[in-house]
Amino acid sequence: MKVAKRLTSAGLTLLMAFSLAACSSTPQQASTDTTPSQPSTPTAPKTEPSQPTAEKIKLVYARGKDATDSTKKLVEAFQKAHPNIEVEIREMPADSGQSHDQYVTMFSAQSSEIDVFDLDVIWPAEFAQAGYLLPLDRLMEQDGIETGKYIKGAMDAGNFGGQQWTMPKFIDAGLLFYRKDLVSEAPKTWDDLIAQAKATKGKGGTKFGYLMQAKQYEGLVCNFVEFSASYGGKILDEQGKVAVNNPATIKGLKKMIEVVKSDFVPSNVTTFMEPESHTAFLEGQAPFIRNWPYQFALAQDQAQSKIVDQVAIAPLPAGDVGSAAALGGWMGGINKFSKHPKEAWEFLKFMTGPEGQKISAIEGGLAPTYLPAYEDADVQKASPLFANKDFVDGVSAAVSRPTTPIYPKISEVIQIEVSKALAGQQTAEQAVQNMETQMNDLMRN
């Protein structure tokens, strides 16, 4: 399977096209250019990880909803190794945008309510600049963390202003999952997908032909970028100038509108995020779904899946220039205001280290950022992707989305304008014109 090569060539192309000028800068450059008032650097605590204290410390770990048992098992394994530390899991909204806003509200008030938390790959620069994160460099050096064993792009996503602020948990790439009992060959193009989705809808107990994430949130941006880039569209050019108003981006958006407006997706697909789409797929309601790698593990879970052993994986369909997959992932960071930074580092180190990432890969289907994990036989058994050298090579070469504080504003513009186009309130041409105007305003400011 040439997943990785396609992900590499197309997915990375789109991500690079999606990057801002500052995004293609080094973190140091971004800091110099945009953060004259960067907060003073917090001091990392000295740690003595192998010396448990008599006092039992309670940490709060915040993350989005976990549809698997991987977080629970990870915490159990950590607590077994660190009996002096108890970890409470705090579930945040499944919508990463809502989680982001809650974190900002909490940290801007200097709350110590949570100690360790997950960050979308696009957040570290913003949170570091705002002074919400504890720097990790000295802790990593003290404990001999070998950064070269991690996927470079994922590690780089947590580096801003010349400092490391987060550790990478897992890396994502958009993929097509399909029912091999209903589909003989995965569609190669978006037009093939449309034809097969129409032909397959209703067969084998299905209600729909295709499932995706079309609600106004960050996942919509990923879907839009995949459609756009598969037709050669760009958001920004290589110099970081706004380039969204181009024929290829418009063509990709029109294809996305065609899919969302079709009768083979749920009529309320514009309310679908990952949980709604993966649940419908697990219930056998559609032959195709666009989702992240975790989908495969869910499909194999007999406790909640009606399609065990019936799912195969393929690259997303191609447009005029090929297949494109949005690459992303999640990081782990420590709240600067935590009252237990030493214990928080112990948990973060475990969670993002060899044992924690192995648990997440096996129990949650999450693609490791710790490269040696892909050599583990148990990890390779967890997903056909993890044993596929092309996939590993592809994600290893991946570059994360921009590590720039302005990304949330760019994302918000895309979410609003694409949502209006999907709702029929404006044409694809009008949508990209509006994006161009607003993005240029953001650049000037």
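Here the structure is a predicted model, which is why all the values come from computation and not from measurement.

Rules and cut-offs
Just so you know, the residues in each chain are numbered from 1, in the order the chain's sequence is written. Residues qualify for local features only when their pLDDT is at least 70, as the model is predicted, and side-chain atom pairs are given and counted only at 80 or more; totals for whole chains, interfaces and linings, by contrast, use all residues. To get the side-chain values, take all heavy atoms of the structure and skip hydrogens and water. We count a stretch as a helix when DSSP gives it H or I for four or more residues in a row; a strand needs E for two or more, and each element gets its number in order from the N terminus. Whether a residue is buried, partly exposed or exposed follows from its accessible area with a 1.4 Å probe, protein chains only, as a fraction of its type maximum: under 20%, in between, or over 50%, in that order. We call two residues in contact whenever any of their non-hydrogen atoms come within 4.5 Å of each other. Surface accessibility follows the Shrake-Rupley procedure with a 1.4 Å probe radius. Residue values consider only the protein chains on display as shielding. Strand pairing requires that DSSP identify at least two bridges connecting the strands. Here, axes are lines fitted to C-alpha atoms. For helices the fit covers the stretch in contact, and angles between N-to-C directions go from 0 to 180 degrees. Predictor confidence is given residue by residue as pLDDT, running from a minimum of 0 to a maximum of 100. Each nonpolar core is a collection of buried residues, namely Ala, Val, Leu, Ile, Met, Phe, Trp, Tyr and Cys, held together in the definition by side-chain atoms within 4.5 Å. The scheme is simple: roughly parallel for angles under 35 degrees, roughly antiparallel for over 145, roughly perpendicular for 65 to 115, oblique for anything else. Handedness of a crossing follows from how the near helix is turned relative to the far one, being left-handed for an anticlockwise turn of less than a right angle and right-handed for a clockwise one. Throughout, the ten residues Ala, Val, Leu, Ile, Met, Phe, Trp, Tyr, Cys and Pro are labelled nonpolar, Asp, Glu, Lys and Arg are labelled charged, and all others, Gly among them, are labelled polar. Classification of ring pairs uses Phe, Tyr and Trp, with its six-membered ring standing for Trp, and accepts pairs whose centres are within 6.5 Å; under 30 degrees between planes counts as stacked, over 60 as edge-to-face, and the remaining range as tilted. Salt bridge criterion: a side-chain nitrogen from Lys or Arg within 4 Å of a carboxyl oxygen from Asp or Glu. By the criterion applied in these results, polar contacts are pairs of N or O atoms within 3.5 Å in which, for protein atoms, one can donate a hydrogen and the other can accept it, and in which residues neighboring in sequence qualify only through two side-chain atoms.

J.: Summarise the overall build of the protein chain; cite the residues concerned and give the values.
T.: For the protein chain, the count of helices and strands is 19 helices and eleven strands. Split into buried and exposed, the 445 residues of the protein chain put 59% on the buried side. A separation of at least 24 residues holds for 77% of the contacts in the protein chain among residues at least 6 apart in sequence. For the protein chain, the exposed surface amounts to about 17,500 Å²; the carbon and sulfur share of it is 47%.

J.: Let's hear about the sheet that holds strand 11 (residues 367–368): which residues, and what values?
T.: Read across the sheet, six strands follow the order 2-1-3-10-6-11 without closing on themselves; strand pairing throughout is mixed. Edge positions in the sheet fall to strand 2 (85–91) and strand 11, since each of these pairs with one other strand and no more. Two elements, strand 6 (residues 167–173) and strand 10 (residues 327–334), share six bridges in a ladder whose sense is antiparallel. The residue of strand 10 that forms the bridge with Phe170 is Trp330. On the sheet, helix 5 (residues 96–108) packs against strand 1 (57–63), strand 3 (116–120) and strand 10 and is oriented at approximately 130 degrees with respect to strand 3.

J.: Report on the confidence of the model for the protein chain, specifying residues and quantitative values.
T.: Per-residue pLDDT for the protein chain has a mean of 85; in total, 85% of the residues score no lower than 70. This stretch, residues 1–43, has a pLDDT under 50; its non-local contacts, to residues over four places away or in other chains, come to 105 contacts. Note on residues 45–52: pLDDT is under 50 here. Beyond four places in sequence and across chains, it has 18 contacts.

J.: Account for the nonpolar core, with residues named and values stated.
T.: One recurring pattern in soluble globular proteins: nonpolar side chains tend to sit buried together. In this structure, Tyr210 and Leu253 are the most contacted members of the largest nonpolar core, which totals 102 residues. The leading source of residues in this core is helix 18 (residues 407–422), at seven residues.

J.: So what's going on with the packing of helix 11 (residues 247–260) against helix 18? Residues and values would help.
T.: Where helix 11 contacts helix 18, the axes come no closer than 9 Å and their chain directions differ by 55 degrees. Taken together, the axes of helix 11 and helix 18 lie oblique to each other. Here the hand of the crossing between helix 11 and helix 18 comes out right-handed. Contacts from Leu253, Met256, Ile257 and Val260 in helix 11 reach Val418, Ala421 and Leu422 in helix 18. Classifying every residue of the contact of helix 11 with helix 18 gives seven nonpolar, no polar and no charged.

J.: Residues and numbers for the side chain of Ser111, please.
T.: Residue position: Ser111 is located in the loop between helix 5 and strand 3. Judged by relative accessible area, which is 17%, Ser111 ranks as buried. Those residues in contact with Ser111 that sit more than four places away from it in its chain are Met106, Asn335 and Phe337.

J.: Quick one: what's the story with helix 15 (residues 354–364), residue by residue and with numbers?
T.: Considered for burial, the residues of helix 15 that qualify are Gly356, Gln357, Ile359, Ser360, Ala361 and Gly364. Buried residues in helix 15 make contact with helix 4 (70–81), strand 6, helix 13 (294–299), helix 14 (341–352), strand 11 and helix 16 (377–382). Looking one or two places after helix 15, you find Gly365, whose phi comes out positive at around 70 degrees.

J.: Summarise the packing of aromatic side chains; cite the residues concerned and give the values.
T.: In this description, a pair of aromatic rings is defined by centroid distance and the angle of the planes. Under the counting rule described, the total for this entry stands at 16 aromatic pairs. Ring centres of Phe78 and Phe347 lie 5.0 Å apart, and the angle between their planes is 75 degrees; this geometry places the pair in the edge-to-face category. One end of the pair, Phe78, is in helix 4; the other, Phe347, is in helix 14, and 269 residues separate them in sequence. On the accessibility criterion, Phe78 (0% relative accessible area) is buried. With centroids separated by 6.0 Å and ring planes inclined at 75 degrees, the aromatic side chains of Tyr374 and Phe386 adopt a geometry described as edge-to-face. Taken together, the residues span a long stretch of sequence, with Tyr374 in the loop between strand 11 and helix 16 and Phe386 in the loop between helix 16 and helix 17 (389–396) at a distance of twelve residues. The exposure classification of Tyr374 matches that of Phe386, with both residues buried. Through a chain of ring-to-ring contacts, three or more aromatic side chains come together here, namely Tyr103, Phe107, Phe117, Trp123, Phe127, Tyr132 and Trp330.

J.: Go over the packing of helix 10 (residues 218–230) against helix 11, please, and point to the residues and values.
T.: For the pair helix 10 and helix 11, the least separation of the axes is 7 Å and the interaxial angle reads 120 degrees. With respect to helix 11, the axis of helix 10 lies oblique. Remark: the crossing between helix 10 and helix 11 carries right-handed chirality. On helix 11, the residues touching Leu220, Asn223, Phe224, Phe227 and Ser228 of helix 10 are Ala248, Thr249, Gly252, Leu253, Lys255, Met256 and Val259. A breakdown of the residues in the contact of helix 10 with helix 11 according to their chemical character gives seven nonpolar, four polar and one charged.

J.: Tell me what's going on with the pattern of salt bridges, and back it up with residues and numbers.
T.: According to the stated counting rule, one finds 18 salt bridges in the structure shown. The closest approach of N and O atoms between Lys73 and Glu363, which form a salt bridge, is 3.3 Å. Separated by 290 residues along the polypeptide, Lys73 in helix 4 and Glu363 in helix 15 bring together distant segments of the chain. Residues Lys152 and Asp156 are paired through a salt bridge, measuring 2.6 Å at the closest nitrogen-oxygen approach. Of the two residues, Lys152 and Asp156 both sit in helix 8 (residues 152–156), four residues apart, roughly one turn of that helix. Assessed through its relative accessible area of 33%, Asp156 is described here as partly exposed.

J.: Account for the environment of Asp143, naming residues and giving values.
T.: By secondary structure assignment, the location of Asp143 is in the loop between helix 7 (137–142) and helix 8. A relative accessible area of 24% places Asp143 in the partly exposed class. Here the alpha-carbon distance between Asp143 and Lys349, two residues 206 residues apart in the chain, equals 9.2 Å. For Asp143, the side chain forms a polar contact with the side chain of Trp345, separated by 2.8 Å.

J.: Residues and numbers for the pairing of strand 9 (residues 311–314), please.
T.: For a regular strand, the rule is simple: side chains alternate between the two faces of the sheet. Of the two faces of strand 9, the one lined by Val311 and Ile313 and the one lined by Ala312 and Ala314 are each fully buried. One ladder, built from four bridges, connects strand 7 (residues 175–179) with strand 9; its direction is antiparallel. Counted as the bridge partner of Tyr178 is Ala312 from strand 9.

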